[in-house]
Every structure is written in C-alpha cells, then in structure tokens.
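Architecture and fold: a report
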Amino acid sequence: MSPFVSTYLTPNATAVKFAIKTTLAMMLALYIALMFDLERPYWALMSAAFLQIRPMSGMVVEKGICQLVGTFIGAVAGIVIMALFAQARVPALIVLTAWIMLCTYVGSLWRNNYTYGCLMASVTAMLIVVISSGSSPAGIFDIAVARLTELGLGAICAMLVSSLLWPSHVGTHLATQADSVINEAFEHAALRLEASDDIPAMQKALRSSLVPLTLLETDSQAARFEGPVGPGRVRAAHVLTRRTLRFFANLQALHQLMHDHADRLAPQSIELACEVAKGFRDAEHVKGVIEARKALQSLRHRVHESEEEASLAPLDRRLRLGLRESIGHAMIMLDAREAIASPESHKLRSSPLAWHRDHLAAGINAIRSGLVFSLLATFWIVTAWQSAMIAMMLGTLFSAFFASRDNPLAITMMFYKGMLAAIPSAFLFGHVLLSQANGFPMLAMLFGTPLFLGLLGATNLATMGYCLAFTIFNILLTMPGNGMDFSFDSFANRVVAVVIGLSCVVMGFRLLPGLGTRLRRRRLINAISTDIHELSQRSIRDAETRFSGHMADRLLQLAQHDDMLPEDQRHLFILGLTGLDVGTATLRLRDRLDDAPHPRIREAHRHLLGTLASGFEESANGRQPQGIREAGQQLEKAIEAYGDVPADRRVLLEGLVERLELALERLGRIMAERPQITSMHKAPNAPVLKK
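Everything quoted here is computed from the prediction, not taken from an experiment.

If you tally the helices and strands in the chain, you get 25 helices and zero strands. For the chain, whose C-alpha radius of gyration is 28 Å, the value lies close to the compact-globule estimate of 26 Å for 691 residues. Oriented by its inertia axes, the alpha-carbon framework of the chain measures out at about 90 × 55 × 45 Å. For the chain, buried positions account for 57% of its 691 residues. Put simply, 81% of the contacts in the chain that link residues at least 6 apart link residues at least 24 apart.

There is a patch of nonpolar side chains on the surface, built from Ile65, Val69, Phe72, Ile73, Val76, Val80, Leu84 and Phe225 and spanning about 700 Å² of accessible area. Relative to the assigned elements, isoleucine 65 resides in helix 4 (residues 57-84).

Turning our eyes to something else, we now look at the packing of helix 16 (residues 408-433) against helix 17 (residues 440-456). The N-to-C vectors of helix 16 and helix 17 enclose an angle of 170 degrees; their axes lie 9 Å apart at closest approach. Relative to helix 17, the element helix 16 is oriented roughly antiparallel. Two secondary-structure elements touch here, helix 16 through Ser425, Phe429 and Leu433 and helix 17 through Leu446, Thr449 and Pro450.

Okay, the packing of aromatic side chains next. Using the criterion set out here, one finds 18 aromatic pairs in the structure. Residues phenylalanine 4 and tyrosine 466 carry aromatic rings whose centres are separated by 5.6 Å and whose planes lie at 55 degrees to one another, so their mutual orientation is tilted. With phenylalanine 4 in helix 1 (residues 3-9) and tyrosine 466 in helix 18 (residues 464-478), this residue pair connects regions lying 462 residues apart in the sequence. Plain terms: the ring middles of phenylalanine 427 and phenylalanine 491 are 5.3 Å apart, the flat faces sit at 50 degrees to each other, and that makes the pair tilted. Residue phenylalanine 427 is found in helix 16, and its partner phenylalanine 491 is found in helix 19 (residues 488-511); the two are separated by 64 residues along the sequence. The class of phenylalanine 427 is partly exposed, set by a relative accessible area of 31%. Overall, the relative accessible area of 4% leaves phenylalanine 491 in the buried class.

Mapped onto the elements, glutamine 256 comes out in helix 10 (residues 230-260). Judged by its relative accessible area of 4%, glutamine 256 is buried. Look past the residues within four positions of glutamine 256 in its chain and what remains in contact with it is His261, Leu662, Ala663 and Arg666.

You can see histidine 169 is positioned in the loop between helix 7 (137-164) and helix 8 (170-193). In this structure, the C-alpha to C-alpha distance between histidine 169 and methionine 59, residues 110 residues apart in sequence, is 8.6 Å.

Turning our attention to the packing of helix 8 against helix 10. Running from amino to carboxyl end, helix 8 crosses helix 10 at an angle of 10 degrees, the nearest separation of the two axes being 10 Å. By the angle between their directions, the pair helix 8 and helix 10 is classed as roughly parallel. Contact with helix 8, carried on its side by Gly171, Leu174, Ala178, Val181, Ile182, Ala185, Phe186, His188, Ala189, Leu191, Arg192 and Leu193, involves Arg233, Leu240, Thr244, Phe247, Phe248, Leu251, Gln252, Leu254, His255 and Met258 of helix 10 and no other residues of that element. A per-class count over the contact of helix 8 with helix 10 returns 15 nonpolar, five polar and two charged.

Below, the discussion takes up the pattern of salt bridges. It is possible for side chains bearing opposite charge to pair when their charged atoms get close. On inspection of all chains with the given rule, the structure shows 19 salt bridges. Among the ionic pairs, glutamate 534 bridges to arginine 538, the shortest N-O distance being 4.0 Å. With relative accessibility at 23%, the residue glutamate 534 sits in the partly exposed group. On the accessibility criterion, arginine 538 (30% relative accessible area) is partly exposed. Between glutamate 618 and arginine 623 there is a salt bridge, with the nearest N and O atoms lying 2.8 Å from each other.

So, on to the nonpolar core. Phe186, Leu193, Phe247, Phe248, Phe280, Leu296 and Leu575 are the most contacted members of the largest nonpolar core, which totals 101 residues. Element by element, the count of residues in this core is highest for helix 10, at 13 residues. Discounting residues that sit within four places of it in the chain, leucine 296 has contacts with Phe186, Gly279, Phe280, Ala283, Ile327, Ala330, Met331 and Leu334. Counting residues in hydrophobic clusters, the runner-up holds 100 residues, among them Ala426, Ala444, Leu455 and Val498.

A few words on unusual backbone geometry. Its identity is not glycine, yet tryptophan 166 carries a phi of approximately 45 degrees, on the positive side. Structurally, tryptophan 166 is set in the loop between helix 7 and helix 8. The exposure class assigned to tryptophan 166 is partly exposed, which follows from its relative accessible area of 39%. Backbone geometry places methionine 479, a non-glycine residue, at a positive phi of 50 degrees. Among the structural elements, methionine 479 can be located in the loop between helix 18 and helix 19. We classify methionine 479 as buried; its relative accessible area is 18%.

Further remarks concern the state of the cysteines. According to the stated counting rule, one finds zero disulfides in the structure shown. Free of any disulfide, cysteine 66 has its nearest neighbouring cysteine sulfur in cysteine 118, separated by 8.9 Å. With relative accessibility at 11%, the residue cysteine 66 sits in the buried group. Left without a disulfide partner, cysteine 103 is nearest to the cysteine sulfur of cysteine 118, which lies 6.1 Å away. Exposure remark for cysteine 103: the relative accessible area of 7% places this residue in the buried category.

Further remarks concern the environment of threonine 244. Turning to its location among the elements, threonine 244 is positioned in helix 10. Exposure remark for threonine 244: the relative accessible area of 0% places this residue in the buried category. Remark: the alpha-carbon pair of threonine 244 and isoleucine 332, spanning 88 residues in sequence, is separated by 9.1 Å. From its side chain, threonine 244 meets the backbone oxygen of leucine 240 in a polar contact 2.6 Å long.

Right, let's get into the confidence of the model for the chain. Summing up the model confidence of the chain, the mean pLDDT is 84 and the portion of residues at 70 or higher is 92%. Every residue in residues 676-691 scores below 50 in pLDDT, and together they form 35 contacts with partners more than four places removed in sequence or on other chains.

What counts and how
Residues numbered from 1 in each chain as written. Predicted model: local features only at pLDDT ≥ 70, side-chain atom pairs only at ≥ 80, totals over all residues. Heavy atoms only, no water. Helix = DSSP H or I, 4+ residues; strand = E, 2+ residues; numbered from the N terminus. Rg over C-alpha atoms; globule rule 2.2 N^0.38 Å. Buried < 20%, exposed > 50% of the residue type's maximum accessible area, 1.4 Å probe, protein only. Contact = heavy atoms within 4.5 Å. Patch = residues over 30% accessible without salt bridge, like charges linked within 9 Å, V, L, I, M, F, W, Y side chains within 5 Å. Areas by Shrake-Rupley, 256 points an atom, 1.4 Å probe, with all protein chains shown as cover. Salt bridge = Lys/Arg side-chain N within 4 Å of Asp/Glu carboxyl O. Axes fitted to C-alpha atoms, helices over the stretch in contact; angles between N-to-C directions. Parallel < 35°, antiparallel > 145°, perpendicular 65-115°, else oblique. Phe/Tyr/Trp six-rings, centres within 6.5 Å; stacked < 30°, edge-to-face > 60°. Nonpolar A, V, L, I, M, F, W, Y, C, P; charged D, E, K, R; others polar. Core = buried A, V, L, I, M, F, W, Y, C linked by side-chain atoms within 4.5 Å. Disulfide = S-S within 2.5 Å. Polar contact = N/O pair within 3.5 Å; in protein donor to acceptor, adjacent residues only side chain to side chain. pLDDT = per-residue confidence, 0-100.

This is the structure:
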C-alpha cells in the first residue's frame, strides 16, 4: 500500500494530534498577527509550523530559543550592513552574501537546533537588506523589529499550544528510543557471537539499533529544558551512545576471531561465546531492566571464572576477556537506560561528546549557498522584479537547510514535488475560496484545510518531505494578511518566484553535490589516524574524552552514510569501528603501562602505540599493516626483563596484540577491494529526511 494512501485513509492518533496541534498554533499566531495588523503575518505562521515539527515540549523550547537568538543576530547583521551601505545596493548584497556563507559554514559545523539558529540568522539578515533597500534608517529598524515580532509570535504560540494540548515530553521519547537501541543491539550481539554468516540479518539489527541511537543522541540535548532532571538524561544519553558503540566495536572484533580464525580457538571458547549469545537473547526478552541486568551479571561471573583456566592460549584468553567486556558494556547500557527513564534515582557521570567537524564539507555548503544567493540577487537587480525576493528567501533558506541532511538532492526533489502539489491547492483554497471569506472563522476554516492535510502526513518519514513542502508553500503562495491581493497576476508572480527559487537550490546541489564516498573516506581515515596518533600526546582522561566523543559522532554519521549504499559497499562503518577498537586498545595499554618503572618498557610501549596508529592508517588505505607483532614482542621482552608484571597480564597483552593485528589485516583486505566497487556503482537516492 502506498504510504500516502495509508497516511490519509488510516491515519494514526499521533498524526491526527500533531496536525491538530500545529494547525491550532498556526491559526492562533495568524489571529494575533492580524489583530495587531503585523506587516507579514505569514512569517508567524511559518515560525509556528517549523517549531511544531518536533512537538515535544523540550524540543519546542530549545528550537524556539535558537530561532529567536538567530533572528536577533541576523537582525543586527542586517542593520549593520544597511547602515554601512544604505545607498549602495551592490556592495550591500556582496557583504550579505558573505554573511550568508558564514552562517551556512558555522551551521554545517554545529548540530541540531544550533544549525537552525544559524539558518534564521542568514534569512533574517537577507530579508532586512532586501526589503529595506532604498529605505530610510528608521525604516530599516522598523523592518528588523517587525521580523523579530512576527517570528517571536509564532514561537510563543507554538510553545503555548505544545505545553497545553496533548503535551509530550522528551524524556518519554528518549526512553522509548533507548529500549529500541538496547533490544536491537542485543540481537546484533547474539548474531555476532554465534559467528553467523547471515550478513543481512546482522546489518538489519545493527541499523535498527543505530537509527534510534542517532535520534536519541541528537534529541537528548532538548531534555535540558524539561526541568532539573533534564541534565541527568543528557548525561545518560551520552553514556548509552559511547557504550553502545564500544559494544559494537568489541562485537566486531570477537566475530572476526570466531568466524575467520575458529581453528585457532579452543572449542570451549566457541561454546562459551554461544552461551553468551543465548544470554543476550534471553536478556532482550526479559521483562524489566533489573531482571535483565541480573541475568547478565550471572553470565559475566561465569565468563570470569572460565578465564582462570591456566591452559588457555593467548587468543582464547583474549576472546574470553572480550566476552566479559561486552557483557560489562551491556550492563552499563542498561544502567543508562534506567537513568534516562528515572534520572532522579539513577545518576551517571559523562562528559559531553566532542563533535567531529568537517571544515571542507562546511566550506562546500557555504560556497553553494553563496552561489545560489548571488545568482538570485543578480536576477533581482537585473529584472527589478519585486517577487524575486521570495525566490531569494527560498534559495537562502533551503540551500542551507538541506545542506546538513544526508542526500540533500533527494530531499530537495521531494520538496520540489510538494511545492508543485501546493500550487493548485493554494489557488483554490487561498484565492478562489478565501476571496469570498468574511471574518476570521471562515478564513481559518478555508485556509486551515490544506495546512491540516499537509501536516497530517508530516509524521510519516516516507511522506514527510512532500507534506511539509505542501504546507510551507501553501502559506507562501497565499501570504494571508489584512490587505491580501487576490488578483491572479499576484498569485502567478509568487508561483514563478517559488519555482525559480527552488530550481536554483536543485541546480546548486547538482553542481556542488558535496563530498563523495571516496573523498569522505579519505578525510575520515586522516581524521581517525590523527586522533589515534594524538592519543599518546595527551593525558589519559583528556585523550579518552576527546577520542570517544569524536568517534561516537563519526560512527553515527558513517552509519547514516552507509545506509545509503548498496549492501556490498558498506565499508565506512567497519572502518570507524576498527578505528574505535584500535583507539580503545591504545588507551587500555596507556592505562596499564604509562607508569612503567623502567625507561626501556616505556620506550617499547610508545613504539607499539605508534605502530598501531600507523597500522590503522595503512589498513584503512588498503595496505597490510607492518611491524605490529614485532612491536608487541619487543614490549613483552622489555616487560619480562625489566618489569614486575604478572604472567597472566603478559598473556593478555600477547592476545590483544595478536587480535589487533588480525583485525587490521582484515580491514586492509576489505579496503583494498572497495575502491573498485565504489567506482562502479552509484548510491541510490533514498529519501532520508529526518524529523
């Protein structure tokens, strides 16, 4: 069944409530704007619509604050530009282009609603400069105040309706996402530890865990605006993100050992791994976190007891330690789930994640936004067409808004189709019927009908892009106000303007599509390699916080990017997991050997860390790592000759080095095959618009 058919013929309660709430917020904003005779009431409508896209109370407040701050900064920038170039339109537009590029660049480096704040800063400055061209200084200030008033009104109405009508909270949403993360992660763990050959099933479980994990990590920041327990939820979400990704990295290493090197492991080790796999499956179906944690605790004791066997080979001992570590990660994941649901009774410590910032990608986004705006501004100057301002606003808004999304061209085309569908709707409801309306109730009933229908489909990811565009362009093509112009000429001008504006955005994404898979991979390799090399140059605590944060953010992005590639081309996430594994092992070695008493041990230790970092770089570029085993043997000899280290720890060290060498050799083989594959195929244009 088509997603449109199911959305509109059998809508669920969530979709209906969302459409009612958002329509009411928009109508309330419109009524107040008309009552106070604001110049452009439709800006209050759009403000309320954008804030209600995620109607949870904390998210609405966070987005509202970012919108108002961004609007204020943009208003100040617009006033400054016009104060300097009030009588020189071309220099003003050049400076404005630079400002739009700067906002897009900074927004591409940030996340979530901070990006939205940057977007509002660029759009507000553009509106002030373009609208006030030729105005007096007093008129410029009035225009800035009007934009702040209209957008602020929409934000207040959205927050009011969100908190009073069917209120929903970020905490409940985060707990639901955490359940999905843990259940699917445990299913993935069971498949890995059974050394399964069912790659599609493992990928499905992995994606089913990573998608809600990405959503949980990005949405958790809004919990700060839901009372004093909010920061506790944010910290718990950071813990869950870090531990889940370490869990996956550990599982991949264990799966490789059991799948590719089962002949080098004792049968008892394989049986123990299968027992742990069954334990994860049982824990997934246990009712309640407490019972699941008890079951895993018992299993962890069983694995720990098996490590005491004296006859274990280094690789077997390493495997069993890895099993125990995986269970430990899983238990902390369960603790984080409890802390998200009940932060007042379960307190966890965690530092914020350090974001991975790709300055080249941000620069490309900035150049694209600048080119789109420059083209539309030139068109405006040459034609002196007043409706060109709408095209300029759309070019500025969407070239920056879509740039931070995966596969922006596909999303732009979805919006383009939604815009085309909005043209006949806006003509019928916003001009033919609305011209006969008398009073606000009739206006709200007629104009609110297409808005409600558009919003009804905005909760379904498959239809969200089309339906949001349908709603937004119904507003832009109608432009409700006290002095509306219902002439066909005015409507036709707006239609041409929105088509030109969105066509320029499509052209911009086609000409500058962003980083390709190969370039993204190369930059990722360099970034991870740099971080691994720097692990030995900082304090352990500092290094762990920075590295874990960077890798968590990179892995979440890589998981999204791999989702857009065919099954046989998904390699970036494997690359990231291996990098996380090598970095975590480096930190573990530092923790145990940084304070070694003899300089020969410290020297051999530093040599091994450097060899591991270089080995990752070689493997990530499709070459086999060199010298890892020799560096490990040198460290073992130094410890044996100069250190007082227990024998079991030396065996664990030997097993760790052997496992890392096998993991890097496998990564080298995978990466050597991938360039030929990626050059032969093109990633599908799957719609990946996130709510």
